[in-house]
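Coordinate analysis (summary)
If you want the building blocks of each chain, they are given just below.
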Amino acid sequence: MEDDLRAVRMTAPGALEQVEVPTPTAGPGEVLLAVGAVGVCHSDLHILDAPPGLFPTPITLGHEIAGTVHTLGAGVTGWSTGDPVAVYGIIGCGTCRGCLHGRENECRTVPPGGIGLSRDGGLAEYVALPASRLLHVGNLELAQAAPLTDAGLTPYHAIELARPALRPGTSCVVIGIGGLGHMAVQILAATTAVRIIAVDSNVAALDLATRMGAHHVVQAGPETVEKIREIVGPAPDGADVVIDCVGVDPTLTTARSVVSTGGRLLLVGLGGGTLPVRPVADEPPTMPLETSVVIPFWGTRAELQEVIALGRVGLLNADVQIFPLDRAPEAYDLLRRGEIHGRAVIVP
Ligand code: NAD
Ligand code: ZN
Ligand code: ZN
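Reference entry: report on the structure contained in this document.

1. Some points on the side chain of Asn105
- Mapped onto the elements, Asn105 comes out in the loop between α2 (97–100) and β7 (126–130).
- Taking the relative accessible area as the measure of exposure, Asn105 reaches 9% and is therefore buried.
- Here the side chain of Asn105 touches Phe297 through a polar contact of 3.0 Å, landing on its backbone oxygen.

Written as structure tokens, this is what we have:
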């Protein structure tokens, strides 16, 4: 194999460049993966914008990875060269209460530790990672498998947390129909009988939502709340579940203004907004009584296997825009400008 490979790295806070780096080797318990596809997640923009020190630099970005097993490190069993796989991106400590319950996304000792977050990710021709992070994808296209590992898994996990409330005939509002949101709509359509209301500021995103199975679409603007209320009815009724895949002040305001009494708010987007909570039944309330708020993080390995199963039976299809590795910086620029619909996927 070549000594050097091409990688797209955050070389310093805010700086994304394609560089040549030595090809990593698979350490004990690791595999070297030939990267087949990597999703371009909005979280990478938050990582690039984060204050210095929060994430290590230089680091190869890319935490939504699928590929084929290239080399097995010492002690790895159960995998063979050429196996097509998806990567579970979180690396929990393995010993805390969250990890022991199989919820590495709730690991209590390693705050967001993961591939492309705390160690080199997949925006490269090869990446070395623990064999324990691999899941079989069978004959699923790698460009489809990659987005399942985050854009699919994160909303799937959020929906799992709210599943008891997602009874037939209830309504669920999804705000932000981008990479995550267009998968959320499909997961709701495939696994529930709820009325799906999609909200986005962008008309193309709303068209995508309709194609993915949304029953109603609402363009975000000054009258978002009124338009959603026309569909879900007046307070104290409303949307049983709201999934906010943006997380800025205006979307959080929409979310708390349309949720029903006893409803659930799932704050998935990391847009930097603040949700005020005042536990008093005054007028106007910050939130209805009995509302619960969850801040879901990514998902579990078991849930990823279920997401892959939905993909393999054709119930979950990422709407992908493919870019070669050397155009990855351009894909991030387009994402920042709101010009990517569905998921941009880099194919090295
Ligand atoms: P994306 O850029 O693909 O999609 C965002 C969508 O929101 C776009 O369609 C955009 O038009 C829409 N939007 C933006 N501002 C809006 C507004 N004010 N009102 C209505 N719609 C608006 O992003 P993505 O990759 O889907 O990620 C979404 C968010 O989720 C990001 O903040 C990302 O960091 C976060 N995220 C969280 C987790 C987690 O575990 N909690 C995991 C992955 C991503
Ligand atoms: Zn992500
Ligand atoms: Zn842990």
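There is more to say, and it comes next.
2. As for the site of ligand 1
- In the vicinity of ligand 1 lie 28 residues, with His42, Ser43, Asp200, Trp298 and Arg343 positioned nearest.
- Contacts to ligand 1 include Ser43, whose side-chain N or O atom sits 2.8 Å from an oxygen atom.
- Asp200 places a polar side-chain atom, nitrogen or oxygen, 2.7 Å from an oxygen atom of ligand 1.
- Protein chains shield 86% of the accessible area of ligand 1, which is 870 Å² for the free molecule.
- Secondary structure elements with two or more residues in the shell around ligand 1: α1 (42–49), α3 (142–162) and α4 (179–191).
- Of the residues forming the shell around ligand 1, the biggest block, 3 residues, is contributed by α1.
- Grouping the constituent residues of the shell around ligand 1 by class yields 14 nonpolar, 11 polar and 3 charged.
- Of the residues that make up the shell around ligand 1, three or more belong to each of domain 1 (4–136 + 318–347) and domain 2 (154–294).

3. Some details on the sheet that holds strand β12 (residues 239–244)
- Taking strand neighbours across the sheet as the criterion, the 6 strands line up as β11-β10-β9-β12-β13-β14 in an open arrangement whose pairing is parallel. With one partner strand each, in any of the chains shown, β11 (216–219) and β14 (292–294) form the two edges of the open sheet. Along the sheet, successive strands turn relative to each other by an average axial angle of 15°, direction set aside.
- Pairing of strand β9 (residues 171–175) with strand β10 (residues 195–200), which is carried by 5 bridges, proceeds in the parallel orientation.

4. So, the packing of α1 against helix α9 (residues 328–336)
- Contact geometry of α1 with α9 gives a least axis separation of 10 Å together with a crossing angle of 95°. Here α9 runs roughly perpendicular to α1, going by the angle between their axes. Where α1 abuts α9, its residues His42, Asp44, Leu45, Leu48 and Asp49 lie against Tyr332, Leu335 and Arg336.

What counts and what doesn't
Residues numbered from 1 in each chain as written. Chains lettered and ligands numbered in written order. Predicted model: local features only at pLDDT ≥ 70, side-chain atom pairs only at ≥ 80, totals over all residues. Heavy atoms only, no water. Helix = DSSP H or I, 4+ residues; strand = E, 2+ residues; numbered from the N terminus. Buried < 20%, exposed > 50% of the residue type's maximum accessible area, 1.4 Å probe, protein only. Polar contact = N/O pair within 3.5 Å; in protein donor to acceptor, adjacent residues only side chain to side chain. Near = heavy atom within 4 Å. Areas by Shrake-Rupley, 256 points an atom, 1.4 Å probe, with all protein chains shown as cover. Nonpolar A, V, L, I, M, F, W, Y, C, P; charged D, E, K, R; others polar. Domains from an automatic or database assignment. Pairing = 2+ DSSP bridges. Axes fitted to C-alpha atoms, helices over the stretch in contact; angles between N-to-C directions. Parallel < 35°, antiparallel > 145°, perpendicular 65-115°, else oblique. Contact = heavy atoms within 4.5 Å.

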